[in-house]
Amino acid sequence: MFDSVKQQPAYSVCFRDTPHERYLRDPAFKQLVDMMEHMVHTCKFSPSEMREAALLASIRFEMATLRSRVIYVDSFGNAQIDEEGDW
């Protein structure tokens, strides 16, 4: 999905692409879908288990990269967000 030299997406995602359109245009996404489909066809995992695994992987990634944030609100209702390490 990423170019190993530039660390940029190898495929430009158009947010109007349907999953099927992305499957047709993005080789990395196609490979992921094909691998997941193979796992279902060989009875290794059910479609429900695949959804659960994808959700868990997303949650684990978010938790590993989560930064603490502190939100300060003054008496006028203006909010200021300080990222971890900035305060």
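None of these values were measured; they are calculated from a predicted model. (Residues numbered from 1 in each chain as written. Predicted model: local features only at pLDDT ≥ 70, side-chain atom pairs only at ≥ 80, totals over all residues. Heavy atoms only, no water.)

Engineer: Just checking my understanding: could you explain the overall build of the protein for this structure?
Structural biologist: Broken down by element type, the protein carries 3 helices and 2 strands. When the elements of the protein are put in sequence order from the N terminus, they spell out α-α-α-β-β. By the burial criterion, 9% of the 87 residues in the protein qualify as buried. Within the protein, contacts between residues separated by at least 24 positions form 2% of all contacts whose residues are at least 6 apart in sequence. In the form shown here, the protein has an accessible surface area of approximately 7900 Å², with 59% of it arising from carbon and sulfur atoms. (Helix = DSSP H or I, 4+ residues; strand = E, 2+ residues; numbered from the N terminus. Buried < 20%, exposed > 50% of the residue type's maximum accessible area, 1.4 Å probe, protein only. Contact = heavy atoms within 4.5 Å. Areas by Shrake-Rupley, 256 points an atom, 1.4 Å probe, with all protein chains shown as cover.)

Engineer: Just checking my understanding: could you explain the pattern of salt bridges for this structure?
Structural biologist: Between side chains of opposite charge, a pair can form as their charged atoms come close. Counting across every chain of the model gives 3 salt bridges. With its nearest N and O atoms 3.2 Å apart, the salt bridge here joins R25 to D17. Owing to a relative accessible area of 16%, D17 belongs among the buried residues under this scheme. Among the ionic pairs, K30 bridges to D34, the shortest N-O distance being 2.8 Å. Separated by 4 residues within a single helix, K30 and D34 lie in helix 2 (residues 27-41), roughly one turn from each other. K30 sits in the partly exposed class, given a relative accessible area of 35%. (Salt bridge = Lys/Arg side-chain N within 4 Å of Asp/Glu carboxyl O.)

Engineer: Which parts of the structure should I look at to understand a nonpolar patch on the surface?
Structural biologist: On the surface, L55, L56, I59, M63 and L66 cluster together to form a nonpolar patch covering roughly 530 Å² of accessible area. Residue L55 is classed as exposed on the basis of its relative accessible area of 53%. (Patch = residues over 30% accessible without salt bridge, like charges linked within 9 Å, V, L, I, M, F, W, Y side chains within 5 Å.)

Engineer: Explanation requested: the side chain of D17 in the structure shown.
Structural biologist: With respect to the helices and strands, D17 occurs in the segment before helix 1 (19-25). A polar atom in the side chain of D17 sits 3.2 Å from the side chain of R25. (Polar contact = N/O pair within 3.5 Å; in protein donor to acceptor, adjacent residues only side chain to side chain.)

Engineer: Before we go on, may I ask you to explain helix 2 in this structure?
Structural biologist: For the α-helix, the turn length of 3.6 residues means that residues three or four positions removed from each other point alike. The end-to-end C-alpha separation of helix 2 is 21 Å, in line with the 21 Å expected for 15 residues at 1.5 Å each. Positive phi shows up at C43, right after helix 2, with a value of about 60°. (Expected span 1.5 Å × (residues − 1).)

Engineer: Could you clarify how one ought to interpret the environment of S46 in this entry?
Structural biologist: Summarising the element assignment, S46 is placed in the loop between helix 2 and helix 3 (47-65). Separated by 10 residues in sequence, S46 and M36 place their C-alpha atoms 10.0 Å apart.

Engineer: It is not clear to me how the confidence of the model for the protein should be interpreted in this structure. Could you clarify?
Structural biologist: The predicted coordinates of low-pLDDT regions are not to be read in fine detail. Chain-level pLDDT for the protein is 81 on average; 74% of the residues reach the 70-or-more range. The lowest-confidence element of the protein is strand 2 (residues 79-83), averaging 74 in pLDDT; the highest-confidence one is helix 2, averaging 95. (pLDDT = per-residue confidence, 0-100.)

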